[in-house]
Number of protein chains: 2
Amino acid sequence: MAYLCVMKQRGQVVVDKILDTAERLFYAQGYSNTGINQVIEEADIAKASLYKHFDTKTDLLVAYIQRTHERWFNRIENAVNEVADPKDKLLALFDHHVERQEIRQFGGCPFIKANDEAGTSDPRVLAEIQLTKQHSKDFIKTLVVNSGHKKLLTDQELAELIFITLEGAIAAASVFKQPTELQSAKQIIQKLI
Amino acid sequence: MAYLCVMKQRGQVVVDKILDTAERLFYAQGYSNTGINQVIEEADIAKASLYKHFDTKTDLLVAYIQRTHERWFNRIENAVNEVADPKDKLLALFDHHVERQEIRQFGGCPFIKANDEAGTSDPRVLAEIQLTKQHSKDFIKTLVVNSGHKKLLTDQELAELIFITLEGAIAAASVFKQPTELQSAKQIIQKLI
DNA sequence: CCATAAATAGACAAATCTGTCTATTTATGA
DNA sequence: TCATAAATAGACAGATTTGTCTATTTATGG
């Protein structure tokens, strides 16, 4: 058991270095603008190691999307759990994304970005991104149902509105490089719940 | 005067063929996935002609964004003008984008797409895209001010909300390849005006 | 200690990319 | 008709791309 863990860890070190570098470069520069050679150089690993773990560059992109999906959900779940009031949990979504976009220097949503770059050329990329957005919708829906909002809108409508405004405000943040729209959206939703 | 027009027309023929092809390919395949050679081949013009009118590929991208901006505004202005009721003008924005996204096969917003591909690498691209989104915000604001809505939200808030929901719903359309979110957003806005 | 597996460095192929350049043909306006 | 400008075809350079392959070194577990 122990040696298996060590082997796995050993292998994971390289995979993690690759994925860490790919994540950083794919998001900051774009997938198409990032070459395999840059990834292996900045990850400080051998080219053969990369192609041992990922058959093609597209496989690396898919793995990047999957890992980003997992990490995104963990973070947002934690952020929401730190808030007690069920209505405030909804508003915490906006605060969380303000923080994230500041850290990400207003590069926008990594999934939309990946979709815009490679969603049309590879069906696996689109499918993976659809999973992330469906996950987001489902998560928001649950929060809305438990929020006890004032039913100015139906549960479904409010959930849709929050999902849509988050998407739109993050897109706007990537254009204007500021969290203005995320903050506006939060205030508006606050009025409606 | 006449010969000037003919000369201009003559030149415009080539430029238009280039821009028509670039528009189609940049949107459907992405800017990075489209080579100059494919543009000149499908536009059926010579490579030297392209580089006579556009110094670099980036210049072609900027010109594509500018022309798309102009055409976008003309279309949306016409769509809104065909509606009499000032509140319905706001809703017409959503109907128009449903139509557009169907025509575009749910590829999302061309400006966000261009921003995701080249916004970080070239400041001119970002600047041009900021102009388009500011234009959109201003246009919506005017419609809101003249709409006579019921002031559940302030003018500014409603304008922001419509702008943000349009952006978000178009992004969602590019992921799920259907106009669901655009239609939901329309219904929700209808409840609020 | 030894056999196996993993990681490394880097050359290499084949394709593709942007941009330049030359030589030729076409079109235009006076 | 004639000079000028524009468009064409396509070769070419030089860099870059993804992916393969070989040879070597390192690390691991038994």
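Residues numbered from 1 in each chain as written. Chains lettered and ligands numbered in written order. Predicted model: local features only at pLDDT ≥ 70, side-chain atom pairs only at ≥ 80, totals over all residues. Heavy atoms only, no water.

Caption draft 1: Highlighting the overall build of chain A. Helix and strand counts for chain A stand at nine helices and zero strands. Overall, chain A is about 60 × 45 × 30 Å in size when its C-alpha atoms are taken along their principal axes. Across the 193 residues that make up chain A, the buried fraction comes to 54%. When contacts within chain A are restricted to residue pairs at least 6 apart in sequence, long-range pairs at least 24 apart make up 68% of them. Just so you have it, chain A exposes about 8900 Å², and 52% of that area is on carbon and sulfur atoms. Side chains of chain A carry 24 positive and 26 negative charges; the gap between the two charge centres is 1 Å. (Helix = DSSP H or I, 4+ residues; strand = E, 2+ residues; numbered from the N terminus. Buried < 20%, exposed > 50% of the residue type's maximum accessible area, 1.4 Å probe, protein only. Contact = heavy atoms within 4.5 Å. Areas by Shrake-Rupley, 256 points an atom, 1.4 Å probe, with all protein chains shown as cover. Lys, Arg positive; Asp, Glu negative; His and termini not counted. Charge placed at Lys NZ, Arg CZ, Asp CG, Glu CD.)

Caption draft 2: Structural context of the packing of aromatic side chains. All names here are of chain A. All told, the structure shown has eight aromatic pairs over all chains when counted by the stated rule. Ring centres of phenylalanine 26 and tyrosine 64 lie 5.5 Å apart, and the angle between their planes is 85°; this geometry places the pair in the edge-to-face category. Pair noted here: phenylalanine 26 is in helix H1 (residues 2-29) and tyrosine 64 is in helix H4 (residues 57-81), with a separation of 38 residues, a long-range link. With relative accessibility at 3%, the residue phenylalanine 26 sits in the buried group. The class of tyrosine 64 is buried, set by a relative accessible area of 5%. (Phe/Tyr/Trp six-rings, centres within 6.5 Å; stacked < 30°, edge-to-face > 60°.)

Caption draft 3: Structural context of the UniProt feature "domain: HTH tetR-type" (unreviewed entry) in chain A. Those places that UniProt annotates as "domain: HTH tetR-type" (unreviewed entry) correspond, in this numbering, to residues 12-72 of chain A. Helix makes up 80% of residues 12-72 of chain A and strand makes up 0%, while its end C-alpha atoms are separated by 20 Å. (UniProt positions renumbered as here; feature names shortened; annotations may be inferred.)

Caption draft 4: Local environment of the relation of the copies chain A and chain B. Of the transformation superimposing chain A on chain B, the axial component is 0.0 Å and the angular component is 180°, with the fit at an RMSD of 0.0 Å. Such values leave the two copies arranged in the relation of a two-fold axis. In terms of C-alpha distance to the rotation axis, chain A has Gly168(A) as its closest residue, with the C-alpha 1.7 Å off the axis. A symmetric contact is evident, with 100% of the interface residues of chain A recurring at the interface of chain B. (Least-squares fit on C-alpha atoms with pLDDT ≥ 70 in both.)

Caption draft 5: Local environment of the environment of His53(A). Inspection of the secondary structure assignment puts His53(A) in helix H3 (residues 47-53). Taking the C-alpha atoms as reference, His53(A) lies 9.4 Å from Ile18(A); in sequence the two are 35 residues apart.

Caption draft 6: Focus on the pattern of salt bridges. Summed over the entire model, instances satisfying the criterion amount to 26 salt bridges over all chains. The closest approach of N and O atoms between Glu181(B) and Lys137(A), which form a salt bridge, is 2.6 Å. With Glu181(B) in helix H9 (residues 180-192) and Lys137(A) in helix H7 (residues 123-145), this pair bridges two chains. When sorted by exposure, Glu181(B) lands in the same class as Lys137(A), which is buried. The partner of Arg124(B) in a salt bridge is Asp122(B), and the shortest N-O contact between them spans 3.6 Å. With a relative accessible area of 37%, Arg124(B) lands in the partly exposed category. On the accessibility criterion, Asp122(B) (15% relative accessible area) is buried. When salt bridges with common partners are traced through the structure, they connect Asp16(A), Asp20(A), Glu23(A), Arg67(A) and Arg71(A) into a single cluster. (Salt bridge = Lys/Arg side-chain N within 4 Å of Asp/Glu carboxyl O.)

Caption draft 7: Main features of the interface of chain A and chain B. Counting residues at the interface gives 41 residues for chain A, matched by 41 residues for chain B. Buried area between chain A and chain B, summed over both chains or domains, comes out near 3600 Å², and the portion from carbon and sulfur atoms is 63%. For the interface between chain A and chain B, the tally reads four salt bridges. There are twelve residue pairs in polar contact (both at pLDDT 80 or more) connecting chain A and chain B. For the side of chain A that touches chain B, the secondary structure elements donating two or more residues are H1, helix H6 (110-118), H7, helix H8 (155-176) and helix H9 (180-192) of chain A. When grouped by side-chain class, the residues that make up the side of chain A that touches chain B number 17 nonpolar, 13 polar and eleven charged. (Buried area = accessible area lost by both parts, 1.4 Å probe. Polar contact = N/O pair within 3.5 Å; in protein donor to acceptor, adjacent residues only side chain to side chain. Nonpolar A, V, L, I, M, F, W, Y, C, P; charged D, E, K, R; others polar.)

Caption draft 8: Representation of the nonpolar core. Grouped together as the largest cluster of nonpolar side chains are 124 residues, with contacts concentrated most on Leu93(A), Ile162(A), Leu93(B) and Ile162(B). If we skip the residues at most four places from it in the chain, Leu93(A) touches Ile76(A), Val80(A), Phe139(A), Ile140(A), Leu143(A), Ile162(A) and Leu166(A). (Core = buried A, V, L, I, M, F, W, Y, C linked by side-chain atoms within 4.5 Å.)

Caption draft 9: Quick look at the layout of surface pockets. Residue and element names in this part refer to chain A. Within this model, the largest pocket holds a volume of roughly 300 Å³. Every residue lining the largest pocket is counted, 13 residues in all, and those nearest its centre are Arg24, Tyr27, Ala28, Arg104 and Gln105. Elements with a minimum of two residues in the lining of the largest pocket: H1 and helix H5 (86-103). Tallying contributions element by element places H1 first for the lining of the largest pocket, with five residues. Split by residue class, the lining of the largest pocket holds four nonpolar, three polar and six charged. The two domains that each donate at least three residues to the lining of the largest pocket are domain 1 (1-54) and domain 2 (56-192). Its volume calculated, the second largest pocket comes out at about 250 Å³. (1 Å grid on protein atoms, 1.4 Å probe; cavity = no way out; pocket = protein on both sides within 12 Å on 5 of 7 lines; lining within 4 Å. Points joined across faces, edges and corners; volume = space filled by probe spheres on them. Domains from an automatic or database assignment.)

Caption draft 10: Just the side chain of His69(B), in detail. All names here are of chain B. Counting through the fold element by element, histidine 69 comes out in helix H4 (residues 57-81). Polar side-chain contacts of histidine 69 include one of 2.8 Å to the side chain of histidine 135. For histidine 69, the contacting residues outside a window of four places in its chain are Phe111, Leu131, Thr132 and His135.

Caption draft 11: Molecular detail of the packing of H8(A) against helix H7 (residues 123-145) of chain B. Packing of H8(A) against H7(B) leaves a shortest axis separation of 9 Å and a crossing angle of 130°. Between H8(A) and H7(B), the interaxial angle falls into the category oblique. Across from Ser174(A), Val175(A) and Phe176(A) in H8(A), the residues of H7(B) making contact are Leu126(B), Ile129(B), Gln130(B), Lys133(B), Gln134(B) and Lys137(B). The residue makeup of the contact of H8(A) with H7(B), split by class, is four nonpolar, three polar and two charged. (Axes fitted to C-alpha atoms, helices over the stretch in contact; angles between N-to-C directions. Parallel < 35°, antiparallel > 145°, perpendicular 65-115°, else oblique.)

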